[in-house]
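Listed below are the residues making up each chain.
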Amino acid sequence: MADKKASIAVARGDGIGPEIMDATLHILAESGAQLNIQEVEVGEKVYLRGHRFGIEPQTWDILRNSDAFLKAPITTPQGGGFKSINVTIRTLLGLYANVRPCVAYAPFVDTLHPKMDVVIVRENIEDLYIGLEYQQTQDAVHAIKLITRSGCERIVRYAFDYAETNNRKKVTCFTKDNILKLSDGLFHKVFDEIGEQYPNIEKEHWIVDIGAAKLADSPEAFDVIVMPNLYGDILSDVAAQIAGSVGLAGSANIGDHGAMFEAIHGSAPRRANQNLANPSGLLLGAVLMLVHVGQPEAAMRIHNAWLKTIEDGIHTYDIYKEGQSRKKVGTKEFAQAVVERLGQKPHTLKEAFYASKPTDKALVGQFNHASSGNRKAKELFGVDVFVDAHVSVEELQGRIARLNNDRLALTLISNRGAKVWPDPMPETVLVDHWRCRFLAADDEVVVNHQDIVELLKRFSDAQIDFLQTENLYTFNGEPGFSISQGEHLKVE
Ligand code: NAD
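Participant: With reference to specific residues and values, describe the pairing of strand 9 (residues 202–207).
Facilitator: As paired elements, strand 8 (residues 170–175) and strand 9 share six bridges and run parallel to each other. Bridge pairing in strand 9 places F174 opposite W206. Where the polypeptide runs from strand 8 across helix 6 (residues 183–195) and back to strand 9, its parallel neighbour, the crossover connection is right-handed.

Here's what the structure looks like:
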């Protein structure tokens, strides 16, 4: 056992939270895990005391000074104004990796995929989840999908390190880079680059749509899958569900300065206070936590005792099946059954094994930031100005082309990404949200910020409602922006 006690912040949560947390803490205490536990309150009661993030300022210090945070599910009150505490904690503590093992426990828990053993590694901070959304016109709402090279590097390296440490053979990457060539394209590119540093691990990439179909149909074809945030959010739930039950999966949220462990399910308020809930998801979250804080022996003892309990047919209502299970038990009795099996191993299910030493790579989360130290030459090439206008293409083009000067000239107008000038297609359905691309008026012009400021002044003088600008940059001469069908750019 580890000689140093790990400091753990614990939140009992809402609904079934307190019951499954009691069960989990009981098993942790009996397992020999060396923990100093400090309780914190987060969730519904804190929300209702007027803290819209569900967490009080002083709690941050406790979380910051703990080795890990074990959190039971929280009820997010209905109605506007409340922010999801999970998203708040993940972003503010920089918990960039979400790790969710999705395992089938056939023949003891019903599943269509008895051989499934997949770990989803989801980027946890970036992508559309940065939460920047704007209503720009009567018709159009805009959300920002932000992907960074440093963010991709950290999550992809995490996935490969996780695979290496946990004796996994293959890492698969899911993206939609056939459509999102720059953002998802970056994720894929970084996956290929970093993958080269792991010669012993098989690598593959799937477009997320067909990859998701394959995952739902034949999950045994996958091992570790790494994905950007949105796809990971959706597919980690799909993966947990098809493995057998959302009640059985735990997850880890890992950052450089903190880590949070939880069950993947919610607070199931209708099941609360009846000694019914299955504590397995939170318990398996706690197992991931023990590995993270360098106590793999305790993690193995608990995980194997849990597997043996499942194998012995001691099941809570959610996985109980007549003829298959042996005994239907409540939350407390299930925990006691696990405690009684500490030290035992499963016979049929695969025994859990965690590296005997804590890894200083995969699970502690110390990574380099953007390894691409050699910065690229960044040059301003033009600007896209987004405009709100309820007019025809011809009228808009006429009004905008008047804003040209000898430095910047209109070269393209698009509507929802479809080029409508020059060479419009009559079939294109238009909305009131337009993009007007301005590039250097001739080969001699080197575009600068002042040109853009002056252009916007002309928009303002002409009383054209400009919504947003996107500067067009090249990086080492490569365009850092999407190019429309039929658009010819003279990039040096
Ligand atoms: P839920 O996961 O709480 O419940 C979905 C279904 O699964 C219910 O039928 C429930 O009875 C069952 N279930 C869930 N966990 C179970 C367990 N351990 N044992 C037995 N049965 C279990 O999802 P929901 O009903 O959509 O959400 C309820 C609340 O939980 C909402 O306020 C939601 O915002 C919150 N939530 C919190 C988290 C979190 O804190 N990480 C995650 C998801 C949802």
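Participant: Outline the nonpolar core, supporting the account with residue identities and numerical values.
Facilitator: If you look at the biggest cluster of nonpolar residues, it comprises 82 residues, and the most contacted ones within it are L70 and W306. In terms of residues, this core owes the most to one element, helix 9 (residues 280–292), which gives nine residues. Ignoring any residue separated from it by four or fewer positions in sequence, one finds L70 in contact with I8, A9, V10, A11, M21, T24, L28, F261, L282, A286 and M289. One finds V387, W434, C436 and F459 within the second-largest nonpolar core, a separate group that totals 24 residues.

Participant: Now, about the pairing of strand 4 (residues 97–103): what can you tell me, with residues and values included?
Facilitator: Most of strand 4 sits out of view: five of its seven residues are buried. Examined bridge by bridge, strand 4 and strand 5 (residues 117–123) share seven bridges and lie antiparallel to one another. Its bridge partner lying in strand 5, C102 is registered against V118. Across three bridges, strand 4 lies against strand 11 (residues 250–254) in antiparallel orientation. Bridging from a neighbouring strand, V99 pairs with A252 of strand 11.

Participant: An account of the site of the ligand is needed here, citing residue identities and associated values.
Facilitator: Around the ligand there are 18 residues in total, and I74, G266, A268, N278 and Y317 lie nearest to it. The side chain of N86 places a nitrogen or oxygen atom 3.2 Å from a nitrogen atom of the ligand. Here the ligand loses 67% of its free accessible area of 810 Å² to cover by the protein chains.

Participant: So, the environment of K71: which residues are in play, and what are the values?
Facilitator: As for its placement among the helices and strands, K71 is situated in strand 3 (residues 68–71). Classification of K71 by relative accessible area gives buried; the value is 1%. Sequence spacing of K71 and G211 is 140 residues, and the spatial spacing of their C-alpha atoms is 31 Å. The residues contacting K71, other than those within four sequence positions of it, are A11, M21, N86, I89, M260, F261, E262, A263 and L282. Among the polar contacts listed, one links the side chain of K71 to the side chain of N86, at a separation of 3.0 Å.

Participant: For the layout of surface pockets, give the residues involved together with the corresponding values.
Facilitator: By volume, the largest pocket is sized at about 2500 Å³. Forming the boundary of the largest pocket are 47 residues, of which L182, S183, G480, F481 and S482 lie nearest the centre. Those elements giving two or more residues to the lining of the largest pocket turn out to be strand 7 (141–143), helix 6, strand 15 (378–388), strand 16 (408–415), strand 18 (433–440), strand 19 (465–475) and strand 20 (478–479). No other element matches strand 19, which puts six residues into the lining of the largest pocket.

Participant: Outline the packing of helix 9 against helix 10 (residues 296–311), supporting the account with residue identities and numerical values.
Facilitator: How two helices sit against one another is set out by the angle between their axes and by the gap between those axes. Close contact between helix 9 and helix 10 brings their axes to 7 Å; oriented N to C, the two are set at 155 degrees. Compared by their axis directions, helix 9 and helix 10 come out roughly antiparallel. For helix 9 against helix 10, the interelement crossing comes out left-handed. Contact residues: S280, L283, L284, V287, L290 and V291 in helix 9; P296, A298, A299, I302, H303 and W306 in helix 10. By residue class, the composition of the contact of helix 9 with helix 10 is ten nonpolar, two polar and no charged.

Participant: Describe the sheet that holds strand 3, naming the residues involved and giving the relevant values.
Facilitator: The strand order across the open sheet built from ten strands is 2-1-3-12-11-4-5-10-8-9, with neighbouring strands paired in mixed fashion. Pairing within the sheet leaves two strands with one partner each, and these edge strands are strand 2 (35–40) and strand 9. Strand after strand, the sheet turns through a mean of 20 degrees between neighbouring axes, direction not considered. Against the sheet, helix 1 (residues 17–31) engages strand 1 (6–11), strand 2 and strand 3, with an angle of about 135 degrees to strand 3. In the packing of helix 6 onto the sheet, the strands contacted are strand 8, strand 9 and strand 10 (224–227), and the crossing angle to strand 8 comes to about 165 degrees.

Reading guide: rules and limits
- Residues numbered from 1 in each chain as written.
- Predicted model: local features only at pLDDT ≥ 70, side-chain atom pairs only at ≥ 80, totals over all residues.
- Heavy atoms only, no water.
- Pairing = 2+ DSSP bridges.
- Helix = DSSP H or I, 4+ residues; strand = E, 2+ residues; numbered from the N terminus.
- Right-handed = clockwise from strand over helix to strand, strands pointing away.
- Core = buried A, V, L, I, M, F, W, Y, C linked by side-chain atoms within 4.5 Å.
- Buried < 20%, exposed > 50% of the residue type's maximum accessible area, 1.4 Å probe, protein only.
- Contact = heavy atoms within 4.5 Å.
- Near = heavy atom within 4 Å.
- Polar contact = N/O pair within 3.5 Å; in protein donor to acceptor, adjacent residues only side chain to side chain.
- Areas by Shrake-Rupley, 256 points an atom, 1.4 Å probe, with all protein chains shown as cover.
- 1 Å grid on protein atoms, 1.4 Å probe; cavity = no way out; pocket = protein on both sides within 12 Å on 5 of 7 lines; lining within 4 Å.
- Points joined across faces, edges and corners; volume = space filled by probe spheres on them.
- Axes fitted to C-alpha atoms, helices over the stretch in contact; angles between N-to-C directions.
- Parallel < 35°, antiparallel > 145°, perpendicular 65-115°, else oblique.
- Left-handed = near helix turned anticlockwise from the far one by under 90°.
- Nonpolar A, V, L, I, M, F, W, Y, C, P; charged D, E, K, R; others polar.

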